[in-house]
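Notes for the structure review
The lines below spell out each chain.
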Amino acid sequence: EKMYVCAAVIVIYEYFVELVSQFFGRIPNIPQGKIVKRQPSQYIGGETRKQNENPDINLAIIFESVPWRSKDVYSFNVLNTLLGSSASFSTGGPGKGMHARTTKNLLNRYYYVESANALNFHFSDTGIFGLQIGGTADQGLSLIHI
């Protein structure tokens, strides 16, 4: 129902609108330069479960954090860096992520944890911060209890 298409350094605005209309179907056109006011985002939390044929499971616990203009955004970014992101297979070469706390405290300690990632996103009026872990579905109960 809502769709936003953004681009930078557009030389011919009308041509851009024509391409977007052609490839993304009929979307309402906002006149150039018009500012659209929106309602502030409100963090409500929730739970989503999706079953599929994949034998893996991913769990995440997410909390509301701060918008990107907050002075506390730096603390969340430091915490995100300290926790880091880890996977049992790293495409970044030897040593990548070895000192991340997700590697030392999760991947190295629990054989069934295949990935662990800090999540940190900041928006104009709120943010989210959390931790995602993944492994095989047969170890789902163990993953929950970490």
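Here goes a summary of the coordinates provided. (Residues numbered from 1 in each chain as written. Predicted model: local features only at pLDDT ≥ 70, side-chain atom pairs only at ≥ 80, totals over all residues. Heavy atoms only, no water.)

**Considering the overall build of the chain**
A count of helices and strands for the chain gives four helices and four strands. Sequence-ordered secondary structure for the chain, helices as α and strands as β, is α-β-α-β-α-β-β-α. Evaluated residue by residue, the chain yields a buried proportion of 22% over its 146 residues. At a minimum sequence separation of 6, the contacts of the chain that also span at least 24 residues come to 57%. (Helix = DSSP H or I, 4+ residues; strand = E, 2+ residues; numbered from the N terminus. Buried < 20%, exposed > 50% of the residue type's maximum accessible area, 1.4 Å probe, protein only. Contact = heavy atoms within 4.5 Å.)

**Quick notes on a nonpolar patch on the surface**
Together, Val5, Phe23 and Phe24 give the surface a local cluster of nonpolar side chains, amounting to about 310 Å² of exposed area. Along the polypeptide, phenylalanine 24 turns up in helix α1 (residues 13-24). (Patch = residues over 30% accessible without salt bridge, like charges linked within 9 Å, V, L, I, M, F, W, Y side chains within 5 Å. Areas by Shrake-Rupley, 256 points an atom, 1.4 Å probe, with all protein chains shown as cover. Salt bridge = Lys/Arg side-chain N within 4 Å of Asp/Glu carboxyl O.)

**Re the packing of aromatic side chains**
Counted under the stated rule, the structure contains three aromatic pairs. By the ring-pair criterion, three or more aromatic residues cluster together here, those being Tyr110, Tyr111 and Tyr112. (Phe/Tyr/Trp six-rings, centres within 6.5 Å; stacked < 30°, edge-to-face > 60°.)

**Points about the environment of valine 20**
Within the secondary structure layout, valine 20 lies in helix α1. Note on valine 20: relative accessible area 8%, which makes it buried. Along the primary structure valine 20 and cysteine 6 are separated by 14 residues, whereas in three dimensions their C-alpha atoms are 10.0 Å apart.

**What to know about the side chain of asparagine 120**
Structurally, the position occupied by asparagine 120 is in strand β3 (residues 113-122). Engagement of the side chain of asparagine 120 in a polar contact is seen with the side chain of asparagine 77, the distance being 2.7 Å. Of the polar contacts made by the side chain of asparagine 120, one reaches the side chain of histidine 122; its length is 3.0 Å. Each residue touching asparagine 120, except ones within four places of it in the same chain, is listed here: Phe76, Asn77, Asn80, Ile128 and Phe129. (Polar contact = N/O pair within 3.5 Å; in protein donor to acceptor, adjacent residues only side chain to side chain.)

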